[in-house]
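Close look at the chain arrangement
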Amino acid sequence: MSGLIDQALAERTLARALANGGRFAEVFAERRRGQTLAIDEGRIESVQSGAEEGAGVRVVDGNTTYFAHVDGLDPADVERAADEAAAALRAERAEPRPLRARETTPLPIERRPEEVPAERKAELLRELDERARAKGAEIAQLNASYGEARREVAVANSDGLFSGDDRTRVRIGVQSVARRDGTVETGAETLGAHRGFELLEDDPGQIAEQAAGKALTLLDAVPAPSGSMPVVVGGGFGGVLFHEMTGHGLEADHIQKGASVYVGKLGERVAEPLLNAYDDGRLPGEWGSDAIDDEGHPTQKTQVIEAGRLTSFLYDHLTAERDGVASTGNGRRESFRDLPIPRMTNTYIAPGDATPEAMIAEVDQGFYAVSFGGGQVDPATGDFVFGVSEGYLIENGRVTSPCRGATLIGNCLDALAAIDAVGDDFFMKTGICGKGGQKVPVGTGQGHVRVRAMTVGGTER
Amino acid sequence: MTELSAVARRAVEAATGAGASDAEAYVSREGGREVRVHGGEVESLTAATQTGVGIRAWSGHRVGYAYGTDLSEAGVAAIAGRAAEAAAVADEDEFAAPPAPAEVEALAGLSDPSIAEWETPRVVDLALAVERTALESDPRLVGVEVAVYADSDEQVAIASSTGVAGEYESSSCYAYLSALAEGEGARETGLGFGLARGPHGLDPEAIGAEAAERALTMIGAGKPASRSCPVVLDETVAASFAGLIGAGLGAKAVQRGRSPFAGRLEEALASEAFALHDDGRDPLGPASAPFDAEGVPRRRSALIEGGRLRAYLYDTYTANREGVASTGSAARQGYRSLPSVAPSNLIVATGDRSLEGLLAAAGDGVYVTDVAGLHSGVNPVTGVFSVGASGRIVRDGALAEPVREFTIAGELVAMLGAVSAAGAEARWVPFGGSVSTPPLLIAEMAISGS
């Protein structure tokens, strides 16, 4: 399994983990390497690389999980983690099942980024810098970053599972600042995938132009309106709307603790029949895809909303066991230093049949949120908030002035039920999702989506 | 010299041996545990150790960085080699240079022996007591999402080819609880927390009671009407804003034109009621240390005082750019990150009003007890913000019904000018970094609700 940990060591580790009892044990080994660099003020800087390896061992007994992690993958390190995890248990030794190695096929990487000279990556950043600045003299500041990360993982558990994965991700990001007299505005764009350097072979410079274009557009912005109104949300990263207002509430740990507004809603109508939504960890090349989750379960495509009805929650191993269902392959962790918890992979609203133009034309007075800086939800109350990074007024069916400083706010169940149009212009974007102190890469996607009414919180008096 | 300092020393030699003209190594070893409880049972118990080194290598005025967990001789040499290679990729920057060594005054009391003395069953009991206090407080308190206790003890050593050498040990612990209350057909959440250097400094009953009170208070919350009105920020919310302001006062953002405070030194931009210091040596400050992330002594800096912007925060690089001295404000997120300028402990000055006094002065307005969406709702370059909020209506100078699902919006610098009073009692809050702040009364803010 990626040469991280051999079968004999995995079996020894699991046996030691169950030395004082427990009904389930797991060892997760990982080697992570990465490189990042940035350009700022036209200068390449912050060139850095990292290499870490280690293992995390957990033992589950009753409703309690005992977890220990260590740096290093020497057999002594890995076995020490098992001993530490088992230290607090006081029961009879349990026997793990013999391991059956299961081959998985990692997502294909055409051009290994670590084999691309760092100078080539620096050149790419210089190109982003030039392309953004070429958009206009009002671009006052530009910084861009390149990041690559490879995670080789192996996981073995006392049910006999032994599997592994080899994941490589590449992402670039551009932030631009435009200035005109006393007005300052910003624009950002990213491009990322679970792919190699081939991701950047087309025309990555486009995203620099897009980031610069956003900042320049906002120079003419008016303060955002305040109040409840129809909102049209853009495609791609607009999908963070669904990620926050529904995705998190469907993670089974929130459900089982009664800390989600979707408790008891399985099988019920939660949206208009035009809405279909998925979590899909198998989308080829997508940012949130992996061959297996971090518990060794194959990733899968899970329909969470079918024609407006709630059809599934998102499970990891332990929450699935508790509900007597199969894991949906959503057990993810940031690294070997973290316990797996139910997480989204690529979450999206499936394409509908409306065109963006038509759904905007039907709005008399409203708001057009093209993209967000991010969002946040309290799954227990359903209250959510999104910061709009690019937004416009809609007046008499037409997109008019750009707006600055808008936030969308609302409650999950109301807003989900208020989606009354889904666009046919589907695409995916990348995000970094934080939960319980752990950050994981997630994909979000949709075509344009219209919400009948939502609160826009702006600064307009 | 301890083992960690020896590793740091060896790493510096390996980097200069690999061709670096100067080098610096930062080594940390952290041991910690975390207990999560739910429903009177332990949900998870984590024991963790983490050790790593980060090496900064200069090749003339080019700088590169590499980090790793392999502290064997060969491992450190490999990391040093990668740092030197990284430097070759960076562009020349005349201000990139390691700091010169300086006299560092020791700082006592950073490490609390009670962490080692409290065996795991005792801290489990502490976490269970936090949860129990909340659950037993009121029948409408229907559950908890999670109750957590965590502690860590970290040793840090730093060394450089210019003669910087230092080490320290510090400990910290915290406990928090997210409680669920139910009433009037809806669920509400409330957070309670406490932080200290060791478990004996935590009050589990107070943490549980705070979470319960915050959740129970929100039952029946509606939306406030959209308007501009006086707003009182509680300590947790004031701390989040103080953190944003502190970040904007870092010289890197200022020098690169990415801060609303750029070019405004000595400007009378704040009200006299608002004063802000950064103090990396405050004995109670969670972020206190004798020296910063590149070995420069920590100190106290007045940032906003008498209504004027007095100073920015500098690390060695940003100080070199302006020909000033570092304020000892280099920070890192552990050995994995390059040092960069950031606040240490931000201290918002207290005033003379009780919370009741602030509410009375507000008259009719909103008391904000929670904000959401700071990472996307605040533009750190322009200072324009619009964030989700919840809290209570203030009517006739006293707390009235709860409100949620509204936004507060404005601009950070303008908000400083509108602070009309500060509370008399400050609290350490782990939001927005490490901040000590009282509640603040803002004369006017835009509220967007129904």
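Owing to the predicted nature of the structure, the values given are computational and were not obtained by experimental measurement. (Residues numbered from 1 in each chain as written. Chains lettered and ligands numbered in written order. Predicted model: local features only at pLDDT ≥ 70, side-chain atom pairs only at ≥ 80, totals over all residues.)

1. Focus: the overall build of chain A
Worth spelling out the cut-off: In DSSP terms, a helix is any run of H or I states spanning at least four residues, a strand is any run of E spanning at least two, and both are numbered starting from the N terminus. Note that the radius of gyration is over C-alpha atoms, with the globule rule given as 2.2 Å times the number of residues to the power 0.38. Residue burial is a threshold on neighbouring C-beta atoms within 10 Å of the residue's own C-beta, all placed from the backbone, with 20 or more meaning buried, 12 or fewer meaning exposed, and counts in between meaning partly exposed.
In terms of helices and strands, chain A carries nine helices and 23 strands. For 461 residues, the compact-globule estimate of 2.2 N^0.38 gives 23 Å, and the C-alpha radius of gyration of chain A, at 24 Å, lies within 12% of that figure. For chain A, the spread of C-alpha atoms along the principal axes amounts to about 70 × 55 × 35 Å. Going through the 461 residues of chain A one by one, you find that 63% of them count as buried.

2. Description of the overall build of chain B
Worth spelling out the cut-off: Residue pairs qualify as contacts under a 7 Å threshold applied to their C-beta atoms, which are placed from the backbone.
Scanning chain B for helices and strands turns up eleven helices and 20 strands. For 450 residues, the compact-globule estimate of 2.2 N^0.38 gives 22 Å, and the C-alpha radius of gyration of chain B, at 23 Å, lies within 12% of that figure. With the C-alpha coordinates of chain B rotated into their principal frame, the extents come out at 70 × 55 × 35 Å. Across the 450 residues that make up chain B, the buried fraction comes to 61%. Within chain B, counting contacts between residues at least 6 apart in sequence, those at least 24 apart form 72% of the total.

3. Structural notes on the nonpolar core
Condition: Nonpolar core, as used here: buried Ala, Val, Leu, Ile, Met, Phe, Trp, Tyr and Cys residues forming one set through C-beta atoms within 7 Å.
Formed by 286 residues in total, the largest nonpolar core has its most connected members in Ala29(A), Ala11(B), Ala15(B), Val53(B), Ile55(B) and Ala83(B). If you tally residues by element for this core, the top one is strand 4 (residues 141-160) of chain B, at nine residues. Those residues within four positions of Val53(B) in sequence are excluded, and the remaining contacts are Val7(B), Ala11(B), Ala25(B), Tyr26(B), Val27(B), Tyr67(B), Gly68(B), Leu71(B), Val76(B), Ile79(B) and Tyr335(B).

4. Observations regarding the interface of chain B and chain A
Quick reminder of the rule: We call Asp, Glu, Lys and Arg charged. Ala, Val, Leu, Ile, Met, Phe, Trp, Tyr, Cys and Pro are nonpolar, and the rest, Gly among them, are polar. Any two strands with at least two DSSP-identified bridges between them are counted as paired.
Between chain B and chain A, the contact holds 60 residues from the first and 68 residues from the second. The greatest single-element share of the side of chain B that touches chain A, amounting to twelve residues, is contributed by strand 2 (residues 41-59) of chain B. Within the side of chain B that touches chain A, the residues separate by chemical class into 19 nonpolar, 28 polar and 13 charged. Note: strand 3 (residues 64-71) of chain A against strand 2 of chain B, five bridges, orientation parallel. Bridge pairing links Thr65(A) to Ser44(B) in strand 2 of chain B.

5. Description of the sheet that holds strand 11 (residues 301-306) of chain A
In any sheet, the strands associate via hydrogen bonds between backbone groups, in a parallel or an antiparallel arrangement. The six strands lie next to each other as 12-11-10-15-22-21 (chain A), forming an open sheet whose pairing is mixed. The sheet terminates laterally at strand 12 (309-310) and strand 21 (427-435) of chain A, the two strands that pair on one side only.

6. Comments concerning the packing of helix 1 (residues 7-17) of chain A against helix 2 (residues 75-86) of chain A
All names here are of chain A. Going by this rule: Axis definition: a line fitted to C-alpha atoms, limited for helices to the stretch in contact. Angles are taken between N-to-C directions and run from 0 to 180 degrees. Throughout, the term roughly parallel applies to angles under 35 degrees, roughly antiparallel to angles over 145, roughly perpendicular to angles from 65 to 115, and oblique to all others. Working rule for handedness: look at the near helix, and if it is turned counterclockwise from the far one by less than a right angle, call the crossing left-handed; if clockwise, right-handed.
Running from N to C, helix 1 and helix 2 cross one another at 20°; their axes reach a closest spacing of 8 Å. Relative to helix 2, the element helix 1 lies roughly parallel. You can see that helix 1 and helix 2 cross each other, and the crossing is right-handed. Residues Leu9, Arg12, Thr13, Arg16 and Ala17 of helix 1 pack against Pro75, Val78, Glu79, Ala82, Asp83, Ala85 and Ala86 of helix 2. Residue composition of the contact of helix 1 with helix 2, by class: seven nonpolar, one polar and four charged.

7. Describing the domain arrangement of chain B
All names here are of chain B. Note the threshold: For the domains described, the bounds stem from an automatic or database domain assignment.
With domains assigned, chain B is organised as domain 1 (3-216) and domain 2 (221-450). On a C-alpha basis, the centroid separation for the pair domain 1 and domain 2 is 23 Å. With 31 residues of domain 1 at the contact, the number on the domain 2 side is 25 residues. Of all the secondary structure elements, the ones that give two or more residues to the side of domain 1 that touches domain 2 are strand 1 (22-38), strand 2, strand 3 (62-68), strand 4 and strand 5 (165-183). Sorting elements by how many residues they give to the side of domain 1 that touches domain 2 places strand 5 first, with five residues. In terms of residue class, the side of domain 1 that touches domain 2 is built from 19 nonpolar, eight polar and four charged.

8. Focus on the packing of helix 3 (residues 118-133) of chain A against helix 4 (residues 205-218) of chain A
Residue and element names in this part refer to chain A. Where helix 3 meets helix 4, the axes come as close as 8 Å, and the angle between the chain directions of the two elements is 40°. In this view, helix 3 runs oblique relative to helix 4, as classed from their interaxial angle. Crossing geometry of helix 3 relative to helix 4 is assigned as right-handed. Contact residues: Glu127, Leu128, Arg131 and Ala132 in helix 3; Gly205, Ala208, Glu209, Ala211 and Ala212 in helix 4. Each residue belonging to the contact of helix 3 with helix 4 can be placed in one class, and the counts come to five nonpolar, one polar and three charged.

9. Points about the domain arrangement of chain A
Many analyses report the size of an interface as the accessible area lost when the parts associate. Residues and elements named next belong to chain A. Per the domain assignment, the segments of chain A are domain 1 (7-218) and domain 2 (222-457). Averaged C-alpha coordinates put domain 1 and domain 2 at centres separated by 23 Å. Taken residue by residue, the interface counts 35 residues in domain 1 and 21 residues in domain 2. Those elements that place two or more of their residues in the side of domain 1 that touches domain 2 are strand 1 (24-40), strand 2 (43-61), strand 3, strand 5 (139-157), strand 6 (161-180), strand 7 (183-193) and helix 4.

10. Overview of the environment of Arg132(B)
Residues and elements named next belong to chain B. Here Arg132 shows up in helix 4 (residues 120-135). The partly exposed category is assigned to Arg132, around which 18 C-beta atoms lie within 10 Å. For the pair Arg132 and Pro204, spaced 72 residues apart in sequence, the C-alpha separation works out to 9.4 Å.

11. So, the sheet that holds strand 18 (residues 427-429) of chain B
All names here are of chain B. Pairing is mixed across the open sheet formed by six strands, whose spatial order is 10-9-8-13-19-18. In this open sheet, the two edge strands, each paired with only one partner strand, are strand 10 (308-309) and strand 18. Where strand 9 (residues 300-305) and strand 10 come together, two bridges link them in antiparallel fashion. Pairing of Glu305 across the sheet is with Arg308, part of strand 10. Of the strands in this sheet, strand 8 (276-279), strand 13 (345-348), strand 18 and strand 19 (434-437) touch helix 6 (residues 235-248), which is tilted by about 125° from strand 19.

12. A closer look at helix 2 (residues 73-89) of chain B
Using the following cut-off: Here the expected span of a helix is defined as 1.5 Å times the quantity of residues minus one.
Along its 17 residues, helix 2 of chain B runs 25 Å from first to last C-alpha, staying within 8% of the 24 Å computed at 1.5 Å per residue. Every buried residue belonging to helix 2 of chain B is among Val76(B), Ile79(B), Ala80(B), Arg82(B), Ala83(B), Ala84(B), Ala86(B), Ala87(B) and Val89(B), and all of these are buried.

13. Thoughts on the confidence of the model for chain B
Selection criterion: On a scale of 0 to 100, pLDDT captures the predictor's confidence in every residue.
Chain-level pLDDT for chain B is 96 on average; 100% of the residues reach the 70-or-more range. Both scores are given for the predicted complex: the pTM is 0.95, the ipTM 0.94.

14. Focus on the pairing of strand 8 of chain B
All names here are of chain B. Because side chains alternate across strand 8, one face comprises the buried residues Leu276 and Asp278, and the other comprises His277 and Asp279, equally buried. Examined bridge by bridge, strand 8 and strand 9 share four bridges and lie antiparallel to one another. What sits directly across from Asp278, in strand 9, is Ser301. Sheet topology places strand 8 next to strand 13; three bridges connect them, and they run antiparallel. Paired with His277 across the two strands is Ile347, which belongs to strand 13.

15. Remarks on unusual backbone geometry
Not every positive phi belongs to a glycine, and Ala307(A) is a case in point at roughly 45°. The residue Ala307(A) is located in the loop between strand 11 and strand 12 in this model. Overall, the presence of 13 C-beta atoms within 10 Å leaves Ala307(A) in the partly exposed class. The phi torsion at Glu184(B) lies on the positive side, around 50°, for a residue other than glycine. In this structure Glu184(B) comes out as exposed when scored by C-beta crowding, with 10 C-beta atoms within 10 Å.

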